[in-house]
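The lines below spell out each chain.
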Amino acid sequence: NPSHNSLVVLPALSPSPKVRGTHPDCSVVLHFQEREAECLERIRSESQTPGQEGCPTEWDGVSCWPALPLGQSRAVACPDIPHVFKKSKGLIQRNCTEWGWSLPSPPYHSACQLETLGSNNDTEAMARHFVTMSTLYTCGYSTSLAALLLAIGIFSCFRKLHCTRNSIHVHFFTSFVLRGTAVFIKDSVLFSDESIDHCTMSTVTCKAAIAFLQYSVLANFYWLLVEGLYLQTLLLLTFTCDRSYTWGYVLVGWGVPMVTVGVWVLTRLQYDNHGCWDDYSSPYWWVIKAPILLAIFVNFLIFLNVTRILAQKIRCPGLSKTHKQQYLRLTKSTLLLIPLFGVHYVVFALFPEHVGVDARLYFELVLGSYQGFLVALLYCFLNGEVQAEIRRNWGKWQRSMESNVFNLATQDFTA
């Protein structure tokens, strides 16, 4: 009876949208796209059943309104999306009239209370913020790549610097070069074209870029672990330069990340093959996170053990001053890097991915981009052995040039 409108209350279509992107905006976009696709599928199925009277199923951009007989009313709850609506218990009602669906009453912005857009949420301000951050980490990775390539060249060119310790340093530098390169590749694939929606991108190229980035990050942590393992071996074996462990170190530094990323890729292909695999809320992200946390934990134990061994050796009365200086020089770089690389990762790993997004981005992108430069500085440019070898070769080159100039002048004079 039209005079007695029946009211049907519908629950929210989804209790909480799954976050499938690196930024909360992506979760909102994907939530509405999924709800719209479900509603359009329902509309298509109903269109194949002719003769229905009243108001057909309709998608209004926010909610899906199922078909309703003429003269009846229906109400839906506000979508439970924290980044968009403050209230999730509000109700929006629409009537089925002779002229079709009535307008939502009260409107969504009134019933659900849209989040106010302050200075922190302003679109233009956020765009400027991300542009600034992008510029900072681009400069950081560029500086790191230049320093790392120069350091690799120094260790490769000078024959006297060829030993297991410096070989491990070169592998460590290479992992940073791969990491910086992977970041630039990921940015060029995901964000070079503003017309492409990176929230819904799901191409082989972007997935390969993300997989390469994860491999380089894992290699970073595992070559830092190798640095710690080798430092402990040096202290225990009293500075032997034994190459018998080199292949074991290579297997740990490059092999473990390769196996881990391979398992992660197969898992995503089989069970969670959506988007561009750049979402950190997926439970399968632990395939990557757990090995990193394991490497950090083992490195922390090495840090404690090396500190203990070093304290014992320095207190040893029979140890010469030269050996004490050698112990200190070889350990200070690794002992500095182990907590520096691991602390922030452990802190953030204890919290959900949506907590402290700004701080996380700053540490991982801006400060993280200069880690390669710091590694090159500690292991190469401030290394006394490297400095002495450079000075020796520089002096040798100068004497050679002076000799060539003298010979040329004498030849011209005698001619």
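Rules behind the numbers
Along each chain, numbering runs from 1 in the same order as the chain's sequence is written. Owing to the predicted nature of the model, reporting of local features is limited to residues with pLDDT of at least 70; listing and counting of side-chain atom pairs is limited to 80 or more, with chain, interface and lining totals taken over all residues. Working from all heavy atoms in the structure, the side-chain values ignore hydrogens and water. UniProt positions are given in the numbering used here, feature names are shortened, and annotations may be inferred rather than shown by experiment. Per-residue confidence from the predictor is given as pLDDT, running between 0 and 100. For the purposes of this entry, the term helix denotes a DSSP run of H or I that reaches at least four residues, the term strand denotes a run of E that reaches at least two, and both are numbered from the N terminus. It only takes one pair of heavy atoms within 4.5 Å for two residues to be counted as in contact. The angle between two axes is taken between their N-to-C directions and runs from 0 to 180 degrees, where each axis is a line fitted to C-alpha atoms and a helix contributes only its stretch in contact. Any angle that falls under 35 degrees is termed roughly parallel, while one over 145 is termed roughly antiparallel, one within 65 to 115 roughly perpendicular, and all others oblique. Crossing handedness: left-handed means the near helix sits turned counterclockwise from the far one by under a right angle, and right-handed means the same turn made clockwise. Gly falls in the polar group here, along with every residue not listed as nonpolar (Ala, Val, Leu, Ile, Met, Phe, Trp, Tyr, Cys, Pro) or charged (Asp, Glu, Lys, Arg). In what follows, salt bridge is the name for a side-chain nitrogen of Lys or Arg lying within 4 Å of a carboxyl oxygen of Asp or Glu. Only protein chains enter the area calculation, which uses a 1.4 Å probe; residues under 20% of their type maximum are buried, those over 50% are exposed, and those in between are partly exposed. The rule is short: rings of Phe, Tyr and Trp, with Trp giving its six-membered ring, pair when the centres are within 6.5 Å, and they are stacked under 30 degrees, edge-to-face over 60, tilted in between. Criterion for a charge above a ring: Lys NZ or Arg CZ within 6 Å of the ring centre, and within 35 degrees of the ring normal. Nonpolar side chains (Val, Leu, Ile, Met, Phe, Trp, Tyr) are joined into patches within 5 Å and like charges within 9 Å, using only residues with over 30% relative accessible area and no salt bridge. Surface accessibility in these figures is a Shrake-Rupley result with a 1.4 Å probe; residues are shielded only by whichever protein chains are displayed. In this description, the term disulfide denotes a pair of cysteine sulfurs within 2.5 Å.

Per an unreviewed UniProt entry, the chain carries the name Growth hormone-releasing hormone receptor and comes from Struthidea cinerea. In its Subcellular location (unreviewed entry) section, the UniProt record describing the chain reads: "Cell membrane". Listed under Function (unreviewed entry) in UniProt, the entry text for the chain is "Receptor for GRF, coupled to G proteins which activate adenylyl cyclase. Stimulates somatotroph cell growth, growth hormone gene transcription and growth hormone secretion."

Turning our eyes to something else, we now look at the confidence of the model for the chain. The share of residues in the chain with pLDDT of 70 or more is 67%, and the mean pLDDT across the chain is 76. Mean pLDDT values for the elements of the chain range from 44 in strand β1 (residues 7-10) up to 93 in helix α6 (residues 246-271). Taken as a whole, residues 1-24 scores under 50 in pLDDT and shows 49 contacts with residues more than four places along the chain or in a different chain. Under a pLDDT of 50 for its full length, residues 117-121 has, in the predicted model, four contacts with residues more than four places off or in other chains.

Direction vectors running N to C along helix α4 (residues 164-190) and helix α5 (residues 204-237) enclose 160 degrees, while the axes themselves pass 8 Å from each other. Judged by the angle between their axes, α4 and α5 are roughly antiparallel. In the packing of α4 onto α5, the handedness of the crossing is left-handed. When grouped by side-chain class, the residues that make up the contact of α4 with α5 number 21 nonpolar, seven polar and four charged.

This part is about the pattern of salt bridges. Two side chains that carry opposite charge are able to pair once their charged atoms sit near each other. Inspection of the entire model under this criterion finds six salt bridges. In this structure, Arg94 engages Glu58 in a salt bridge whose closest nitrogen and oxygen atoms are separated by 2.8 Å. Taken together, the residues span a long stretch of sequence, with Arg94 in strand β5 (residues 91-97) and Glu58 in strand β2 (residues 58-59) at a distance of 36 residues. Assessed through its relative accessible area of 28%, Glu58 is described here as partly exposed. Here Asp272 ties to Arg268 by a salt bridge, and the two come within 3.7 Å at their closest N and O atoms. The exposure classification of Asp272 matches that of Arg268, with both residues buried.

Another point: the packing of aromatic side chains. One pass over the full model with this rule turns up twelve aromatic pairs. For the ring pair Tyr137 and Tyr141, a centre distance of 6.3 Å and an interplane angle of 80 degrees mean the geometry is edge-to-face. Taken together, the residues Tyr137 and Tyr141, both in helix α3 (residues 123-157) and four residues apart, mark about one turn of the helix. Neither residue differs from the other here; Tyr137 and Tyr141 are each classed as buried. Ring geometry for Trp264 against Trp277: centres 5.6 Å apart, planes inclined by 75 degrees, an arrangement best described as edge-to-face. Of this pair, Trp264 sits in helix α6 while Trp277 is found in the loop between α6 and α7 (286-315), placing the two residues 13 residues apart along the sequence. Of the residues examined, Trp264 reaches a relative accessible area of 0% and is grouped as buried. On the accessibility criterion, Trp277 (4% relative accessible area) is buried. Directly above the ring of Trp65 sits Arg94, whose terminal nitrogen or CZ lies 5.3 Å from the centroid.

Let us look at unusual backbone geometry. A cis geometry characterises the amide bond from Ser105 onward to Pro106, with omega recorded as -10 degrees. Its place among the elements puts Pro106 in the loop between β6 (100-101) and α2 (108-113).

Turning our attention to a nonpolar patch on the surface. Taken together, the side chains of Leu294, Phe297, Phe300, Leu301 and Leu304 make up a nonpolar region of the molecular surface, amounting to roughly 500 Å² of accessible area. Within the secondary structure, Leu294 sits in helix α7.

So, about the state of the cysteines. According to the stated counting rule, one finds three disulfides in the structure shown. Bridging Cys55 to Cys96, the disulfide has an S-S length of 2.1 Å. Every disulfide takes its handedness from the sign of the S-S torsion; for Cys55 and Cys96 that torsion is 100 degrees, giving right-handed. Of this pair, Cys55 sits in the loop between α1 (24-47) and β2 while Cys96 sits in strand β5, and the two are 41 residues apart along the sequence. Cys96 carries the same exposure label as Cys55, and that label is buried. Residue Cys206 pairs covalently with Cys276 via a disulfide, S to S 2.1 Å. Residue Cys206 is found in helix α5, and its partner Cys276 is found in the loop between α6 and α7; the two are separated by 70 residues along the sequence.

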